[in-house]
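Descriptive analysis of the structure
One-letter residues, chain by chain:
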Amino acid sequence: MDAAEFHAAVYRVVRQIPPGKVTSYGHIAKLVGMPRHSRHVGQALKYLDPQSNLPWYRVISSSGQISSRGPGTSGARRQRDELEAEGIEVTGGEVGLEGGNDGGGRVNLRTYGWFPDSVDFGEVQGDEDLEAD
DNA sequence: TCAATGACACTAA
DNA sequence: CTTAGTGCCATTG
């Protein structure tokens, strides 16, 4: 699979994330068939066009933590704002609480997490047996 | 080619 | 709850 295909696959999955829900880089990587490429999922999102209406903000780390794109960047701040706009509660990252805070907060995956075994943008794997929560 | 990097994940303490 | 360490692998200099 080429980088372009990988990116395209990531975009397809991200597009399936329902409003008010979030998922993790690792899970997306799993859905596209490359569970070890969690880091590259983030790369794909970074490489996408600003014009794209892709809900990249619904993708966070497996811990529910919004990735801090580094001090001086407003990416995390925007992401937190978008998530709150979707009705998602974001804890931490309160501006003004700590100096140099770029807005990195956290989302409760137990409430807003979206982790399907597969997505319906194409074919699915006949996986029926899974652990009960 | 080698070395360093990264919008990560997982386990242990 | 936190910090530290290890694994991961395409991309980049």
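Located above this text is the structure these notes cover.
Residues numbered from 1 in each chain as written. Chains lettered and ligands numbered in written order. Predicted model: local features only at pLDDT ≥ 70, side-chain atom pairs only at ≥ 80, totals over all residues. Heavy atoms only, no water.

**Some details on the packing of aromatic side chains**
Note the threshold: Two aromatic rings, drawn from Phe, Tyr or Trp (for Trp, its six-membered ring), form a pair once their centres lie within 6.5 Å of each other, and the interplanar angle then sorts them: stacked below 30 degrees, edge-to-face above 60, tilted otherwise. Type-normalised accessible area, obtained with a 1.4 Å probe on protein chains alone, sets the label of each residue: buried when under 20%, exposed when over 50%, and partly exposed for intermediate values.
According to the stated counting rule, one finds 1 aromatic pair in the structure shown. When the ring of tryptophan 56 is compared with that of tyrosine 57, the centres are 5.9 Å apart and the planes differ by 75°; the resulting orientation is edge-to-face. Of the residues examined, tyrosine 57 reaches a relative accessible area of 13% and is grouped as buried.

**Observations concerning helix α4 (residues 75–85)**
Structurally, the α-helix is built with 3.6 residues per turn, so residues lying three or four positions apart point the same way. For clarity, the cut-off: For helices the rule is a DSSP run of H or I covering at least 4 residues; for strands it is a run of E covering at least 2, with both sets numbered from the N terminus onward. Picture the helix axis, draw a direction to every C-beta atom, and the arc is the one those directions span. The contact criterion used is simple: two residues touch if any of their non-hydrogen atoms lie within 4.5 Å.
The complete set of buried residues in α4 reads Gly75, Ala76, Gln79, Arg80 and Leu83. Down the axis of α4, the buried set is contained in an arc of 135°. They therefore lie on one face. On its buried face, α4 is in contact with β2 (59–60), β3 (90–91) and β4 (106–107). Following α4 by one or two positions, glycine 87 has its phi on the positive side, about 95°.

**Re the environment of histidine 37**
In this structure, histidine 37 sits in the loop between α2 (25–31) and α3 (38–47). A relative accessible area of 28% means that histidine 37 is categorised as partly exposed. When sequence neighbours within four positions are dropped, the list of residues in contact with histidine 37 reads Phe6 and Ala29.

**Some details on the packing of helix α1 (residues 3–16) against α3**
Cut-off, in case you're wondering: To obtain each axis, a line is fitted to C-alpha atoms, and for helices this fit is confined to the stretch in contact; angles are then taken between N-to-C directions over 0 to 180 degrees. These descriptions rest on fixed angle ranges, namely under 35 degrees for roughly parallel, over 145 for roughly antiparallel, 65 to 115 for roughly perpendicular, and the rest for oblique.
Packing of α1 against α3 brings their axes to within 9 Å, and their N-to-C directions diverge by 85°. In terms of orientation, α1 lies roughly perpendicular with respect to α3. Between α1 and α3, the residues in contact are Phe6, His7, Val10, Tyr11 and Val14 and His40, Val41, Ala44, Leu45 and Tyr47, respectively.

**Quick look at the nonpolar core**
To keep things clear, this is the line we draw: Take the buried Ala, Val, Leu, Ile, Met, Phe, Trp, Tyr and Cys residues and link them wherever side-chain atoms come within 4.5 Å; each set so joined is a nonpolar core.
Residues Val10, Val14, Val22, Ile28, Leu45, Leu83 and Val107 are the most contacted members of the largest nonpolar core, which totals 32 residues. Of all the elements in the fold, those that place two or more residues in this core are α1, α2, α3, β2, α4 and α5 (109–112). With 6 residues, α1 is the largest single contributor of residues to this core.

**Comments concerning the protein's contact with DNA strand C**
Under the convention used in this document: We call a residue near a molecule or strand whenever a single non-hydrogen atom of that residue lies within 4 Å of it. Each polar contact in these results corresponds to two N or O atoms within 3.5 Å; when the atoms are within protein, one needs to be able to donate a hydrogen and the other to accept it, and residues that are neighboring in sequence are counted only if both atoms are side-chain atoms. In this classification, the charged set is Asp, Glu, Lys and Arg, the nonpolar set is Ala, Val, Leu, Ile, Met, Phe, Trp, Tyr, Cys and Pro, and all remaining amino acids, among them Gly, are polar.
Around DNA strand C, the surrounding shell consists of Ala3, Arg36, His37, Arg39, His40, Tyr47 and Arg106. When the atoms of DNA strand C within 4 Å of the protein are sorted by group, sugar and phosphate make up 60%. Take tyrosine 47: an N or O atom from its side chain is 2.8 Å from a phosphate oxygen of DNA strand C. Between arginine 106 and DNA strand C, the recorded distance is 3.3 Å, taken from a side-chain N or O atom to a phosphate oxygen. For the surface near DNA strand C, the element with the highest residue contribution is α3, accounting for 3 residues. Here the surface near DNA strand C is built from residues that sort into 2 nonpolar, 2 polar and 3 charged.

**Overview of the protein's contact with DNA strand B**
Among the 15 residues in the neighbourhood of DNA strand B, the closest are listed as Arg39, Trp56, Ser62, Ser67 and Arg69. Of all DNA strand B atoms lying within 4 Å of any protein atom, the proportion belonging to sugar or phosphate reaches 48%. Interatomic distance of 2.8 Å between a side-chain N/O atom of serine 67 and a phosphate oxygen of DNA strand B. Each residue belonging to the surface near DNA strand B can be placed in one class, and the counts come to 3 nonpolar, 9 polar and 3 charged.

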